[in-house]
Amino acid sequence: MIRGPRLILVRHGETEGESSIRYHGRTDVPLSELGRAQMRLAGRAIEMRRGDRNFVRVFSSPLVRASEGARIVAGDSAPLVTIDEFAEVHFGLFEGLTADEIRERYPNEFALWNADRLAPTYAYPAGESRADFTNRVERGLERVLALWTPRDNDALIVAHRGVIRAIVRKLTRAEPIVELGSIQILRFDGGWHAEAIDLVDHLDGG
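Presented here is an overview of the structure given in this document. Bear in mind the structure is a predicted one, so any value in this text is a computation, not a measurement. (Residues numbered from 1 in each chain as written. Predicted model: local features only at pLDDT ≥ 70, side-chain atom pairs only at ≥ 80, totals over all residues. Heavy atoms only, no water.)

1. Thoughts on the environment of Val89
For step 1, the next point in the chain: With respect to the secondary-structure elements, Val89 resides in the loop between strand 3 (80-82) and helix 3 (99-105).
For step 2, the next point in the chain: Residue Val89 is classed as buried on the basis of its relative accessible area, which comes to 1%.
For step 3, the next point in the chain: On a C-alpha basis, the gap between Val89 and Arg130 in space is 8.0 Å, while along the polypeptide they are 41 residues apart. (Helix = DSSP H or I, 4+ residues; strand = E, 2+ residues; numbered from the N terminus. Buried < 20%, exposed > 50% of the residue type's maximum accessible area, 1.4 Å probe, protein only.)

2. Thoughts on unusual backbone geometry
For step 1, the next point in the chain: One non-glycine residue, Glu18, lies in the positive phi region at around 55°.
For step 2, the next point in the chain: As for its placement among the helices and strands, Glu18 is situated in the loop between strand 1 (6-11) and helix 1 (33-50).
For step 3, the next point in the chain: A relative accessible area of 38% means that Glu18 is categorised as partly exposed.
For step 4, the next point in the chain: Positive phi, close to 70°, is recorded for Arg173, a residue that is not glycine.
For step 5, the next point in the chain: Judged by its relative accessible area of 75%, Arg173 falls in the exposed class.

3. Focus: the packing of aromatic side chains
For step 1, the next point in the chain: According to the stated counting rule, one finds ten aromatic pairs in the structure shown.
For step 2, the next point in the chain: Ring centres of Phe94 and Tyr106 lie 6.3 Å apart, and the angle between their planes is 45°; this geometry places the pair in the tilted category. Separated by twelve residues along the polypeptide, Phe94 in the loop between strand 3 and helix 3 and Tyr106 in the loop between helix 3 and helix 4 (107-115) bring together distant segments of the chain.
For step 3, the next point in the chain: Between Phe94 and Trp113, the ring centres sit 5.2 Å apart and the planes meet at 55°, which makes this aromatic pair tilted. Note that Phe94 is positioned in the loop between strand 3 and helix 3 and Trp113 in helix 4, a separation of 19 residues in sequence. Neither residue differs from the other here; Phe94 and Trp113 are each classed as buried.
For step 4, the next point in the chain: Grouping aromatic residues by their ring pairs yields a cluster made of Tyr23, Phe91, Phe94, Tyr106, Phe110, Trp113, Tyr122 and Tyr124.
For step 5, the next point in the chain: The ring centre of Phe55 lies 4.2 Å from the NZ or CZ of Arg50, which sits over that ring. (Phe/Tyr/Trp six-rings, centres within 6.5 Å; stacked < 30°, edge-to-face > 60°. Lys NZ or Arg CZ within 6 Å of the ring centre and 35° of its normal.)

4. A few points about the nonpolar core
For step 1, the next point in the chain: Counting residues in each nonpolar core, the largest one holds 33 residues, and the members touching the most others are Leu7, Leu9, Phe86, Ile157 and Ile167.
For step 2, the next point in the chain: At the level of secondary structure, the elements contributing two or more residues to this core comprise strand 1, helix 4, helix 5 (130-147), strand 4 (155-159) and helix 6 (161-172).
For step 3, the next point in the chain: The element that contributes the greatest number of residues to this core is helix 6, accounting for six residues.
For step 4, the next point in the chain: Those residues in contact with Ile167, other than ones at most four positions away along the chain, are Leu9, Phe86, Val137, Leu141 and Ile157.
For step 5, the next point in the chain: Residues Ile8, Val10, Ala78 and Ala196 belong to the second largest nonpolar core, which totals 19 residues. (Core = buried A, V, L, I, M, F, W, Y, C linked by side-chain atoms within 4.5 Å. Contact = heavy atoms within 4.5 Å.)

5. Quick notes on the layout of surface pockets
For step 1, the next point in the chain: Considered as a void within the structure, the largest pocket measures approximately 640 Å³ in volume.
For step 2, the next point in the chain: In terms of lining residues, the largest pocket is bounded by 30 residues, among which Tyr23, Phe91, Arg130, Arg161 and Arg165 are the most central.
For step 3, the next point in the chain: Going through the elements one at a time, helix 5 and helix 6 are the ones with two or more residues in the lining of the largest pocket.
For step 4, the next point in the chain: Broken down by element, the residue count for the lining of the largest pocket peaks at five residues, all from helix 6. (1 Å grid on protein atoms, 1.4 Å probe; cavity = no way out; pocket = protein on both sides within 12 Å on 5 of 7 lines; lining within 4 Å. Points joined across faces, edges and corners; volume = space filled by probe spheres on them.)

It is worth stressing that arrangement in space is one thing and function is another; only the former is reported here.
The following block contains the structure:
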């Protein structure tokens, strides 16, 4: 049985701005050395799973932590296409802060955000609404599917947690966690389904 091609999504690695604890949305921070190591580990894990490092299409967010991550995962010669719509959500007043810093500086906004931060109606103060963000990412996904069809062989996307969640939810209705350096694999067999969600075992080597 011939199985359909896959859309493989990788979240960028740790950044110099401590993306593991800070809310960097539009802030364009580069990968740290740990983040680059996480991307190398993700690339090796994908290559072992596929038996090949080459992708017919490679897409990323325009932010450097994702575009650099894509080149590490797929190789410098990969045909990288940046999708502007795949930039992370704009956190507004929360940009660059930890949750504790947000609580201290903006207690009222923190309480509202913490009540249901994934609600479609929620908007970050001086930032982007969840609904606008989701619509933007879905427009980017339409661009990807116009440039790459599931008949073309596997494609790679390196982007951010919110972006990957929105794409996986749109195509499969799954709700991944999406840790730094994690891998999501979606397969097209006449329709989309999640083949693997929240793969992180490869990061144990980092």
